[in-house]
Amino acid sequence: MAALFQSKFFKTFLSLLTGSLLAQLITIGVTPITTRLFMPENYGVFSLFTIIVGLFSQIGSLCYDRAIILPKKDVDSIQLLFLSIFVLFVSSIVLSIVAFFFNEKIAAVLNNQEFSLWILMVPVGVLITGLNNILKIWRLRNNHSKIIAVSRVWEAVISALIKICAGFFIGAFSGGLILSTLISGMLATPLLILKPEPFNFKADFKKFSMDKASCLASEYKQFPCFSTLNFFLNYSSRNITVFLFSIFFPAAVLGYYSLCDRIVRLPVNIISQSVQNAYFQKSSREIAYHKNILRGFLKTTLLLLIIGAGGFGVLAIATHYFFSDIFGQAWAPAKDYILILIPWFFMLFLGSPSNIIYEICRKQAVKLIFNIFIVIIRVSVLVTGHFLYSNPQIVLSMFVVANILIECFLIVYAVIIIKKYESGLLGLS
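Quick caveat, the model's predicted, so the values are computed rather than measured. (Residues numbered from 1 in each chain as written. Predicted model: local features only at pLDDT ≥ 70, side-chain atom pairs only at ≥ 80, totals over all residues. Heavy atoms only, no water.)

Here we look at the pattern of salt bridges
Considering all chains together, one arrives at two salt bridges under this definition. Between Asp-76 and Lys-212 there is a salt bridge, with the nearest N and O atoms lying 3.5 Å from each other. Linking Asp-76 in helix H4 (residues 74-109) with Lys-212 in helix H10 (residues 210-219), this pair joins segments that are 136 residues apart in sequence. Overall, Asp-76 belongs to the buried group, its relative accessible area being 11%. Across the pair Glu-407 and Arg-378 runs a salt bridge, and its minimum N-O distance is 3.9 Å. With Glu-407 in helix H18 (residues 392-422) and Arg-378 in helix H17 (residues 364-389), the pair connects residues that are 29 residues apart, well separated along the chain. Both residues of the pair, Glu-407 and Arg-378, count as buried. (Salt bridge = Lys/Arg side-chain N within 4 Å of Asp/Glu carboxyl O. Helix = DSSP H or I, 4+ residues; strand = E, 2+ residues; numbered from the N terminus. Buried < 20%, exposed > 50% of the residue type's maximum accessible area, 1.4 Å probe, protein only.)

Structure representation (structure tokens):
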């Protein structure tokens, strides 16, 4: 265990963790203020916006950005960098056309007419967030984890200030929450471009070759063919509650769930994203040089188990005794949602390293099959629960139980994949 804490992996993880920790603490720190400035209905609209942007910002590059960190040669990574940016721009243009012509119909399906205005801003959010995601992975490849951490903190500070100012001077307006995300993302981009050493786009672009990029696009075809659909299915099914709650229940219920989802995701976002980034870097190198990865996987999972048990335990106790005092009496009904969600998010947290295994061992096709069944299960549970009980807490409880079983299965199967790799049965080159 001592060797783990002294390793390069742990230092990268600690750097990313520090940035995520500060960013999320800033976000959660201003939440007791923003919940008194904005209504649950505003948080419902904001949740729809951020989830849709989060989805398309990840798949807008067809997941080629996930391949940037894998090649041994920097020149190959540069090809993938520019390929990812180009595909993201094209995707944003397509989304703009869809948003312009179908915004009212989409809002009608989601049973939220206020959202029709903000659908037009989704392509902007996708472009900003997607570009930042690509730049972060490029910085991670070059061991610039500190600037990733700084950019996250900077983005959180700007977003918090805009939310508070909008709430005070404009009032309970969903646009205040949405614009805080867009503006803070735009202001974080220059940091990722200029620090710690500026991108030399002119020199790097000269190295770009369409023929080479096409070859690499073919070599890493698992990412657009499988990872993109995998992410779409996984992300959509994890957040299907937001879409179905928007359709099934009043806007205030969606607001309660959205706030709780953000609060419970705090421990997950603080640590698991940092673990995934650091573990992705470490394990992809081990795969490239044909090293064993089971021991590192188990150590990382054990570390998350220890941290998660303490973190989620404290969250459960604090929620039970202090929720209404912290967020205001108007949000008191949301307390039950948090207590229901905690076990599921603990399993998501614990399963962070297993998600990386499916990518680095090129088992995206297997994960795709799993995700298809997972989507079917999650939607079926939510729809069945709604028609049987029409109670959001009962429906959510059924959903959480199903997801705990799903996460257990995915972790076990990741271990099976690792053992096949170490036995030489996967044929990775």
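Regarding the packing of aromatic side chains
Applying the stated criterion across every chain, the model contains 19 aromatic pairs. Plain terms: the ring middles of Tyr-220 and Phe-223 are 6.1 Å apart, the flat faces sit at 55 degrees to each other, and that makes the pair tilted. Tyr-220 sits in the buried class, given a relative accessible area of 6%. Taking the relative accessible area as the measure of exposure, Phe-223 reaches 3% and is therefore buried. Taking 4.9 Å as the distance between ring centres and 45 degrees as the angle between the ring planes, the aromatic pair formed by Phe-323 and Phe-327 counts as tilted. Remark: Phe-327 and Phe-323 occur in helix H14 (residues 294-327); sequence separation between them is four residues, near one turn of the helix. Residue class for Phe-323 comes out buried when judged on its relative accessible area of 2%. In textbook terms, an aromatic cluster arises when at least three aromatic residues are bridged by ring pairs, as seen for Tyr-43, Tyr-256, Trp-331 and Tyr-337. In this structure, Lys-367 packs its charged tip against the face of Tyr-358, placed 4.9 Å from the ring centre. (Phe/Tyr/Trp six-rings, centres within 6.5 Å; stacked < 30°, edge-to-face > 60°. Lys NZ or Arg CZ within 6 Å of the ring centre and 35° of its normal.)

Let's talk about the packing of helix H16 (residues 352-360) against H17
The packing of two helices is summarised by the inter-axis angle and the distance between the axes. Running from N to C, H16 and H17 cross one another at 125 degrees; their axes reach a closest spacing of 7 Å. When the axis of H16 is compared with that of H17, the two are oblique. Here Asn-355, Tyr-358 and Glu-359 of H16 come into contact with H17, specifically with Gln-364, Lys-367 and Phe-370. In terms of residue class, the contact of H16 with H17 is built from two nonpolar, two polar and two charged. (Axes fitted to C-alpha atoms, helices over the stretch in contact; angles between N-to-C directions. Parallel < 35°, antiparallel > 145°, perpendicular 65-115°, else oblique. Contact = heavy atoms within 4.5 Å. Nonpolar A, V, L, I, M, F, W, Y, C, P; charged D, E, K, R; others polar.)

Considerations on the nonpolar core
Soluble, globular proteins show a tendency: their nonpolar side chains are buried together. Among the nonpolar cores identified, the biggest contains 115 residues, and Phe-115, Phe-245, Phe-312, Leu-341 and Ile-357 are the most heavily contacted of them. For this core, the leading source of residues is helix H13 (residues 251-288), giving 15 residues. (Core = buried A, V, L, I, M, F, W, Y, C linked by side-chain atoms within 4.5 Å.)

Some words on H16
Burial analysis of H16 places nine of its nine residues in the buried class, which makes it a mostly covered element. Of all the positions in H16, only Ser-352, Pro-353, Ser-354, Asn-355, Ile-356, Ile-357, Tyr-358, Glu-359 and Ile-360 are classed as buried. Of the residues one or two after H16, Arg-362 is the one with positive phi, at around 55 degrees.

A look at a nonpolar patch on the surface
On the surface, a cluster of nonpolar side chains totalling about 1,100 Å² of accessible area is made up of Phe-86, Val-90, Ile-93, Val-94, Ile-97, Val-98, Phe-100, Phe-101, Phe-102, Leu-117 and Leu-120. Of all the elements, H4 adds the most residues to the nonpolar patch, at nine residues. Here Ile-97 is to be found in helix H4. (Patch = residues over 30% accessible without salt bridge, like charges linked within 9 Å, V, L, I, M, F, W, Y side chains within 5 Å. Areas by Shrake-Rupley, 256 points an atom, 1.4 Å probe, with all protein chains shown as cover.)

Structural notes on the environment of Asn-112
With respect to the element layout, Asn-112 can be found in the loop between H4 and helix H5 (115-119). Take Asn-112: its relative accessible area is 8%, and that puts it in the buried class. Measuring from C-alpha to C-alpha, the distance between Asn-112 and Gly-176 comes to 17 Å, with 64 residues separating the pair along the chain. Each residue touching Asn-112, except ones within four places of it in the same chain, is listed here: Val-45, Leu-48, Ala-107 and Ser-246.

Focus: the side chain of Asn-239
Mapped onto the secondary structure, Asn-239 falls in the loop between helix H11 (222-238) and helix H12 (240-248). Within the local environment of Asn-239, its side chain forms a polar contact with the backbone oxygen of Tyr-235, the two atoms lying 2.9 Å apart. Each residue touching Asn-239, except ones within four places of it in the same chain, is listed here: Ile-51 and Arg-265. (Polar contact = N/O pair within 3.5 Å; in protein donor to acceptor, adjacent residues only side chain to side chain.)

Observations regarding unusual backbone geometry
In the Ramachandran plot, Leu-62 falls in the positive-phi region, its phi being about 60 degrees despite a non-glycine side chain. Located in the positive-phi region is Asn-111, a residue other than glycine, with phi close to 60 degrees. Assignment of secondary structure puts Asn-111 in the loop between H4 and H5. You can call Asn-111 exposed: its relative accessible area is 51%.

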